[in-house]
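Now for the letters of each chain:
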Amino acid sequence: MTVLQIREALRAAIDEEMARDDRVFVMGEEVGHYDGAYKVTEGLLAKYGEQRVVDTPIAEAGFAGVGIGAAMAGLRPIVEFMTFNFSAVAFDQILNNAAKLRQLSNGQFTLPIVFRGPNAAAHMLSSTHSQAFESFYCGFPGVKVISVATPYDAKGLLKSAIRDDNPVLFFESEVMYSVKGEVPDEEYLIPIGKADIKRPGEGITVITWGQGVPVALAAAELAARDGLDCEVIDLRTLRPLDDEAVLASVRKTNRAVLVYHGWPYGGTGAEVSDRIQRLAFDHLDAPIERVCYDDVNMPYAENLEQLVIPSPERALEVIRKVAYYRI
Amino acid sequence: MTVLQIREALRAAIDEEMARDDRVFVMGEEVGHYDGAYKVTEGLLAKYGEQRVVDTPIAEAGFAGVGIGAAMAGLRPIVEFMTFNFSAVAFDQILNNAAKLRQLSNGQFTLPIVFRGPNAAAHMLSSTHSQAFESFYCGFPGVKVISVATPYDAKGLLKSAIRDDNPVLFFESEVMYSVKGEVPDEEYLIPIGKADIKRPGEGITVITWGQGVPVALAAAELAARDGLDCEVIDLRTLRPLDDEAVLASVRKTNRAVLVYHGWPYGGTGAEVSDRIQRLAFDHLDAPIERVCYDDVNMPYAENLEQLVIPSPERALEVIRKVAYYRI
Amino acid sequence: MSPPNDPTPAAPVAGHDLERLRHFYNQMLRIRRFEEAAARAYTQGKISGFLHLYIGQEAIAVATADLMRPGDRVVTTYRDHGFAVALGCDTGACMAELYGKKTGLVGGNGGSMHFFAKEQGLWGGYAIVGGHVPVATGHAFASKYLGDGAVTLCFLGEGAMHIGATHEGMHLAGLWRLPVVFVIENNQYAMGTPLRRQTAVDDLTVRAPAYRMTSDRWVVRDVFETRARLARAIEQAREESQPSLIELLTYRFRGHSMSDPGKYRSKDEVDQWKERDPLHRAQVQLRDEHGVSEEELDALDERIGEEMDAAVEFAESSPLPDPEHRFRGHYVEDDLAAGGEG
Amino acid sequence: MSPPNDPTPAAPVAGHDLERLRHFYNQMLRIRRFEEAAARAYTQGKISGFLHLYIGQEAIAVATADLMRPGDRVVTTYRDHGFAVALGCDTGACMAELYGKKTGLVGGNGGSMHFFAKEQGLWGGYAIVGGHVPVATGHAFASKYLGDGAVTLCFLGEGAMHIGATHEGMHLAGLWRLPVVFVIENNQYAMGTPLRRQTAVDDLTVRAPAYRMTSDRWVVRDVFETRARLARAIEQAREESQPSLIELLTYRFRGHSMSDPGKYRSKDEVDQWKERDPLHRAQVQLRDEHGVSEEELDALDERIGEEMDAAVEFAESSPLPDPEHRFRGHYVEDDLAAGGEG
Ligand SMILES: Cc1ncc(C[n+]2csc(CCOP(=O)(O)OP(=O)(O)O)c2C)c(N)n1
Ligand SMILES: Cc1ncc(C[n+]2csc(CCOP(=O)(O)OP(=O)(O)O)c2C)c(N)n1
Ligand SMILES: [Mg+2]
Ligand SMILES: [Mg+2]
């Protein structure tokens, strides 16, 4: 075991996969000569050269499309969005090309491509730079969606994503790049589509992913002091959802709270909630509640941002509400 | 009362508002000289001239942005997307400019702009041209979202949308443009944010909007033959949602089914479902179910498309399942 | 919009031998007859959705197909039947796709706008205007990366020149010097919008220098000339990895799609362009320069007519896609699980 | 990238009178001192988020502000402090915005990247590269529609020239002949990417003809020259509704944002550009051509220093936004309900 930052774990995954397969390459703004805006790709240009570590102009639709076309033609691109916010201008390429071309061509093409980058709020970047994009992309048939919160998951899932023959959207977090954790020295892969119980418990199910994970775990700590035993499930893969992991826990606890970074209307949060009420209706002893952003554009001011972003305290309040709910 | 097609009702709304206020103008591909790809804007160029009925090149991000900039500067644009599918390339303009600029500027600017056009599946247009975009846009704080299914609603709500000082996304349906219905001869407005009971009932709540409305109503007819009394609620406004209308019905019927055009993962459907379980938990006697598209890219082949799109028969099956559900 | 003055006169082109001419004529006529058959089926209500005809522009696809080497790729718009036929796709499979049948080129998934035939070099018909341009650039990127010597030919309407994706895709191709040829099929209209209301300039190749591309521009009147000038661009892409921007002045004789009556053009204008129909020109050359008889021409047309009848018959008698087919194709593993049926 | 050769020599420009020069110098220095103060606060951890400094480019904002008439608009990027100060926004409100305070220019909603001051003609700093270009075109569209005689000035980095929205916005402005001037502030880098790896060409105005725009291009060394040449473009927009594309060769002396150490540039290169610093040039002119004393210059600098200290003091002592403020501003009616507090 080695202790790595998430940033380093991601880099190790890319590095190993590039070493393993010549067709894997990295493309994006500042990924090469600048070593990555958040240093995920640091050192890769020096190691693999300009052909395989490709700096692009500011043209997300353009280079997302180039990645898609290259994948169709046999390469395995890793396309970095400096942040997923900038994927908004590449929305059409992801929706109408990445997600559709295999099915549209009746299986003539495969698209082994990973789009990755940081997502959701960081710190005082204001509304255009603080958005959680998984909610949109999870809706697209034809893609897989992953969101990671530990170095172990980051490495194991990114390697799986790079080897996957389908388009994968891979969500990271700027404020978590420096989070450290143990990573095995030997090679490992984490299967896509499997949630992980980050904290086992019996009292109430807390479902989370990405930047929500530390918040959920901290809230669970607080709840434990109150005698509330939370089971914290990190979904890790958001499409396809690991229904079974969620349902198994809810059948046991009969209560569920979601904690995540993102807007409240629709998206991944509403989907998970809907699946629980639909597939575990008879087991529910309380409404499912969600702890996420306020339904507002993220303000710049620090005090306001902190109010909009879910905190352990806010999550605890909701966990208590759900735990103590009586019909 | 006059009997109008939805197309004509929309046109009448635009025409009346253009006559009423010089700052209202129409912009989009083929809206002028071609009289509109689906003839919604027929005759308006002849009546109002090229300054107020503006044909654009194929540049959705460009002309959506022009509309936004014009709205900030005092005009009241109605931007037509030939279909909402093409708004995918203008996603950033809607997300980051239309929805944010008022709040970002701390209220210095108002953005009275309507984006309108047909949405969701028509007939054999295949996957890129059959998508339901309200699910994405409903998630944006800062916009309002409307979806209409009758000439009466189309006219009354489009007029309200044009007069609204906020950005409004207004969803129509290509296959419903010729649907006829009565429209008052005198002027009227329908308030944004109010659902409409399209069929009163006591047994089970069926929630729908847009192209789902005729499907839900037909399913309710079929259900009536079975002795199942459906209350069909047409949401009409999807953001802000009329929670009260939905909850009042569910508190009465204790059961809810959603019928709509769109993908199953997330979006408006999941949001409505989540709100019901959360806000009417104690009243629910059965899980909430959704009848919508299969979780696939829309195939071209007619038989497959018909299977993917919700039919009255498929809706009926689900209505029965929910109606007869026993814990 | 009347036919513009040709920037360079259409000189008779060498290599004009009879076999060649006959082949080109045959291919152009096959495309036209295929589409006429499709249009009839559409009018009879047997085909639905969108149907964008290529009639009038066939010489472009035929000249292109003749220049392609194994591995080369064509990427084009929803106006894609011509390329499919010219590249050797089975007309029965093409017609069956329009009918949404299981035997269709893409199994009924795509319809008219989305013909894909990788084996034949047709890397797809795309329906979001401009959205395919960066994808084509990506194919060329892969060719350069892999050193496979292939050239990608990306076709687009002149209406696609004003959208962002086109700009980004072309710019990246120029910046990285990728082996790709961008061919604007300027048929004078984007739906009902004539060029002068679409764009600030007359000559769309004025953009080439901004992308460090070379350019060429001509009226498509003669399939040989078109072939010869396209050949130069392709060779330059292949040999020097130098991309280029070609503007072909052409015309669609039909409406934008079957639902468009085309009222925005005068009969006169259409007639003027019809006089330059490359198919007609090839026929005249066969007859007048090579002495091919009316009977022979009629016989050829009849043979093609039979092919198209057979294509329609095949399409009509083919089964619908399997209901489960709607769930296939999205993920590699699903198809593998379903026995690789695609 | 060393300073390019000036396409036209920087001739001494008429109207160089002392009052003018003093005013320009004062404004440029205010911008610089404002940003230096902001950078200090950032280093002290009092400001967070992104902070993109305009240091080195001040002459552009100052020349622009001097040319604006009531109703004219500036639309720019996240590198927006310079315009705010030049256009007369209160430096206290600007600094308070960086601190995320209630008294900030936009109440703490936007921060550094989103200065808006409609009354002063600052129609906004935008943070999605290229996304503001169509919006600026829209302002100009409204001006033409309303006949209000106003001109919109849209500033963008050279890095924004390669993205779709810029292309679409500029093209529409050219097609419709709108009263707008697009000004590329080519500071040689987009983050760490030098021009030669961003684009296929050296001269970005090569695109102007494709948009039927006129163009101009010069090294920003002298605020008077910059003012004079910008004036021509503005007049052309105002009088003839003829848009133009201007490329200004300039340089940012600091990193892209506070988090960028700027390791991709040599000290030599930075020094070469610093020699052409228009602020420095203005100081030399004041001293050498107009005999302004060191003492006077120092006094001026001190006055400005006091202004910036006061701005910092104002920002620091200002209250945080009201917690409820996060719910405001999204919909007109919410603000009305909240008593119009915005
Ligand atoms: C982004 C986008 N906007 C609008 C459309 C609708 N549309 C389809 S084809 C077309 C006209 C295209 O004209 P052109 O590029 O000249 O090609 P042509 O049809 O003439 O071959 C339009 C507006 C679309 N498919 N995609
Ligand atoms: C669409 C988009 N992609 C990426 C970014 C991240 N980003 C912010 S500024 C910048 C560089 C811009 O360079 P340039 O346009 O030259 O302006 P400068 O910063 O030099 O003034 C980048 C890549 C962004 N904000 N928006
Ligand atoms: Mg055309
Ligand atoms: Mg720059």
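Sequence order sets the numbering: in each chain, residues are counted from 1 along the sequence as written. Labels follow written order: the first chain is A, the first ligand is 1, and so on. Only residues with pLDDT of 70 or above have their local features reported here, since the model is predicted, and side-chain atom pairs are shown and tallied only from 80 upward, although totals for entire chains, interfaces and linings are computed over all residues. The side-chain quantities take in all heavy atoms of the structure and omit both hydrogens and water.

1. Re the overall build of chain C
A count of helices and strands for chain C gives 12 helices and eight strands. With C-alpha atoms as the basis for the radius of gyration, the globule rule is written as 2.2 Å multiplied by the number of residues raised to the power 0.38. Computed over its C-alpha atoms, the radius of gyration of chain C comes to 20 Å, within 12% of the 20 Å expected for a compact globule of 342 residues. Expressed along its principal axes, the backbone C-alpha trace of chain C runs to roughly 55 × 50 × 40 Å. Only protein chains enter the calculation, and the probe is 1.4 Å; a residue is then buried if its accessible area is under 20% of its type maximum, exposed if over 50%, and partly exposed in between. Of all 342 residues assigned to chain C, the portion counted as buried reaches 66%. Taking the intrachain contacts of chain C between residues at least 6 apart in sequence as the baseline, contacts between residues at least 24 apart amount to 75%. Using the Shrake-Rupley algorithm and a 1.4 Å probe, accessible areas are obtained, with residue cover drawn only from the displayed protein chains. Accessible area of chain C: about 11,400 Å², with a carbon and sulfur share of 49%. Per the convention used, a helix needs a DSSP run of H or I reaching at least four residues, while a strand needs a run of E reaching at least two, with both numbered from the N terminus. It only takes one pair of heavy atoms within 4.5 Å for two residues to be counted as in contact.

2. A closer look at the interface of chain B and chain A
Think of interface size as the accessible area that goes away when the parts come together; that is how it is often given. Contacts between the two partners involve 50 residues from chain B and, on the opposite side, 50 residues from chain A. Note on terms: buried area is the combined drop in 1.4 Å-probe accessible area of two parts once they are placed together, counting the loss on both. Taking both sides of the interface into account, the surface hidden between chain B and chain A amounts to around 4,200 Å²; carbon and sulfur atoms contribute 57%. Area buried by chain B at its contact with chain A is led by Tyr-265, Phe-281 and Asn-297 of chain B, which between them contribute 19% of it. Salt bridges, as used here, are contacts in which a Lys or Arg side-chain nitrogen is within 4 Å of a carboxyl oxygen on Asp or Glu. For Arg-290 of chain A, the salt bridge identified is with Glu-271 of chain B, shortest N-O distance 2.9 Å. As used in this structure description, the phrase polar contact means that two N or O atoms lie within 3.5 Å; if the pair is within protein, one of them must be able to donate a hydrogen and the other to accept it, and residues adjacent in sequence are counted only when both atoms belong to side chains. Inspection of the chain B/chain A interface yields 26 residue pairs in polar contact (both at pLDDT 80 or more). Ranked by the residues each element gives to the side of chain B that touches chain A, the list is headed by helix α10 (residues 267-279) of chain B, at nine residues.

3. So, the site of ligand 1
Throughout, near means a residue has at least one heavy atom within 4 Å of the molecule or strand. Neighbouring residues of ligand 1: 21 residues in total, closest Glu-60 of chain B together with Tyr-78, Arg-79, Ala-127 and Asn-187 of chain C. Here an oxygen atom of ligand 1 sits 2.7 Å away from a polar atom, N or O, in the side chain of Arg-79 of chain C. Taking 590 Å² as the accessible area of ligand 1 by itself, protein coverage stands at 96%. Residue type decides the class: Asp, Glu, Lys and Arg count as charged, Ala, Val, Leu, Ile, Met, Phe, Trp, Tyr, Cys and Pro as nonpolar, and the leftover types, Gly among them, as polar. Of the residues in the shell around ligand 1, the class split is 12 nonpolar, five polar and four charged.

4. Regarding unusual backbone geometry
Leaving glycine aside, a negative phi is the common case for residues, and trans is the common case for peptide bonds. Residue and element names in this part refer to chain A. The step from Arg-239 to Pro-240 runs through a cis peptide bond, and the omega angle for that step is 0°. In this structure, Pro-240 sits in the loop between β12 (237-239) and α9 (243-253). Of note, the phi angle at Met-124 is positive, near 60°, even though the residue is not glycine. Tracing the chain through its elements places Met-124 in the loop between β5 (114-118) and α6 (134-137).

5. Brief notes about the interface of chain A and chain D
The interface of chain A with chain D comprises 30 residues on the first partner and 37 residues on the second. In total, chain A and chain D occlude about 2,600 Å² of area from one another, counting both sides; carbon and sulfur atoms represent 65% of this. The largest contributions to the chain A side of the interface with chain D come from Tyr-34, Ile-58 and Tyr-300 of chain A, which together make up 25% of the buried area. Between chain A and chain D we count two salt bridges in total. As a salt-bridge pair, Asp-294 of chain A and Arg-326 of chain D come within 2.5 Å of each other at their nearest N and O atoms. For the pair chain A and chain D, the number of links is 14 residue pairs in polar contact (both at pLDDT 80 or more). Ranked by the residues each element gives to the side of chain A that touches chain D, the list is headed by helix α11 (residues 302-308) of chain A, at four residues. For the side of chain A that touches chain D, the class distribution of residues is 19 nonpolar, seven polar and four charged.

6. Considerations on helix α10 (residues 278-289) of chain C
All names here are of chain C. Of the positions making up α10, those classed as buried are Pro-278, Leu-279, Ala-282, Gln-285 and Leu-286. Down the axis of α10, the buried set is contained in an arc of 120°. They therefore lie on one face. Next to the buried residues of α10 lie α1 (18-43), α2 (58-67) and α11 (294-317). The N-cap residue of α10 is Asp-277: its side-chain oxygen and the backbone nitrogen of Leu-279 are 3.0 Å apart. What the arc describes is the spread of directions from the helix axis to the C-beta atoms.

7. A short note on the site of ligand 2
Near ligand 2 you find 21 residues, and of these Glu-60 of chain A together with Tyr-78, Arg-79, Ala-127 and Tyr-189 of chain D are the closest. Surrounding ligand 2 are residues belonging to chains A and D, so the site spans chains. Take Tyr-189 of chain D: an N or O atom from its main chain is 2.8 Å from an oxygen atom of ligand 2. For ligand 2, whose free accessible area comes to 580 Å², the fraction covered by protein is 96%. For the shell around ligand 2, the residue count by class is 12 nonpolar, five polar and four charged.

8. So, the coordination of the magnesium ion (ligand 3)
Under perfect tetrahedral coordination by four donors, a metal shows angles of 109.5 degrees; under perfect octahedral coordination by six donors, it shows angles of 90 or 180 degrees. Residue and element names in this part refer to chain C. The rule for donors is simple: N, O or S, within 2.8 Å of the metal, or within 3.2 Å if the metal is Na, K or Ca. Water isn't counted, so a site may look like it is missing partners. Protein-derived ligands of the magnesium ion (ligand 3) are Glu-158 (OE), Glu-158 (OE), Asn-187 (OD1) and Tyr-189 (O), with the metal-ligand distances lying across 2.0 to 2.7 Å. Metal sites are grouped by the angles between bound donors: all angles between 85 and 135 degrees with four donors is tetrahedral, opposite donors over 155 degrees apart with the others between 65 and 115 is square planar for four donors and octahedral for six, and any other pattern is irregular. Coordination geometry of the magnesium ion (ligand 3): the six donor atoms subtend angles of 52 to 172° at the metal centre, consistent with an arrangement described as irregular. The motif formed by the donor residues of the magnesium ion (ligand 3), counted along the single chain, is E-x28-N-x1-Y. Linking Glu-158 in the loop between β3 (152-157) and α6 (164-175) with Asn-187 in the loop between β4 (180-186) and β5 (189-190), this pair joins segments that are 29 residues apart in sequence.

9. A few points about the coordination of the magnesium ion (ligand 4)
On the protein side, the magnesium ion (ligand 4) has Glu-158 of chain D (OE), Glu-158 of chain D (OE), Asn-187 of chain D (OD1) and Tyr-189 of chain D (O) as donor atoms, found 2.0 to 2.7 Å from it. Around the magnesium ion (ligand 4), the six donor atoms sit at angles spanning 51 to 171°, and that spread fits a shape best called irregular.

10. Thoughts on the relation of the copies chain B and chain A
Each copy is superposed on the other by least squares, with the fit set by C-alpha atoms of residues at a pLDDT of at least 70 in both. Between chain B and chain A, which share one sequence, the superposing operator has a rotation angle of 180° and an axial displacement of 0.0 Å; the RMSD is 0.0 Å. The superposition operator between the copies reduces to a two-fold rotation axis.

11. Thoughts on the confidence of the model for chain C
Mean pLDDT over chain C: 94, with 94% of residues reaching 70 or higher. Overall fold confidence (pTM) sits at 0.97, and the ipTM for the predicted complex is 0.97. The pLDDT score gives, residue by residue, the confidence of the prediction method on a 0 to 100 scale.

12. Regarding the nonpolar core
Here is a general trend for soluble globular proteins: nonpolar side chains tend to be buried in one another's company. Ranked by internal contacts, the top residues of the largest apolar core, which has 240 residues, are Phe-115 of chain A, Phe-115 of chain B, Phe-141 of chain C together with Phe-141 of chain D. For Phe-141 of chain C, the residues in contact, after removing those within four places along its chain, are Phe-25, Met-27, Val-54, Val-66, Ala-70 and Leu-75 of chain A together with Trp-176 and Leu-178 of chain C. Residues enter a nonpolar core if they are buried and are Ala, Val, Leu, Ile, Met, Phe, Trp, Tyr or Cys, with the set joined through side-chain atoms within 4.5 Å.

13. A short note on the packing of aromatic side chains
The rule is short: rings of Phe, Tyr and Trp, with Trp giving its six-membered ring, pair when the centres are within 6.5 Å, and they are stacked under 30 degrees, edge-to-face over 60, tilted in between. By the definition in use, this model includes 68 aromatic pairs over all chains. When the ring of Tyr-54 of chain C is compared with that of Phe-83 of chain C, the centres are 5.8 Å apart and the planes differ by 50°; the resulting orientation is tilted. Separated by 29 residues along the polypeptide, Tyr-54 of chain C in the loop between α1 and α2 and Phe-83 of chain C in helix α3 (residues 81-86) bring together distant segments of the chain. The same class applies to Tyr-54 of chain C and to Phe-83 of chain C, which are both buried. Summarising the aromatic geometry, the rings of Phe-141 of chain C and Tyr-145 of chain C are spaced 6.2 Å apart at their centres and angled 35° between planes, so their arrangement reads as tilted. Placement of the pair is Phe-141 of chain C and Tyr-145 of chain C together in helix α5 (residues 132-146), with a separation of four residues, close to one helical turn. Summarising the burial analysis for this pair, Phe-141 of chain C and Tyr-145 of chain C share the class buried. The ring of Trp-123 of chain D carries Arg-73 of chain D above its face, with NZ or CZ at 4.5 Å from the centroid. The criterion for a charge sitting over a ring is simple: Lys NZ or Arg CZ within 6 Å of the ring centre, and within 35 degrees of the ring normal.

14. Points about the environment of Ser-126 of chain B
Tracing the backbone through its elements, the reader meets Ser-126 of chain B in the loop between β5 (114-118) and α6 (134-137). With 171 residues separating them along the chain, Ser-126 of chain B and Asn-297 of chain B place their C-alpha atoms 8.1 Å apart. Sequence-distant contacts of Ser-126 of chain B, that is, excluding residues within four places in its chain, are made with Met-298, Pro-299 and Tyr-300 of chain B together with Asn-109, Gly-110, Met-113 and His-114 of chain C.

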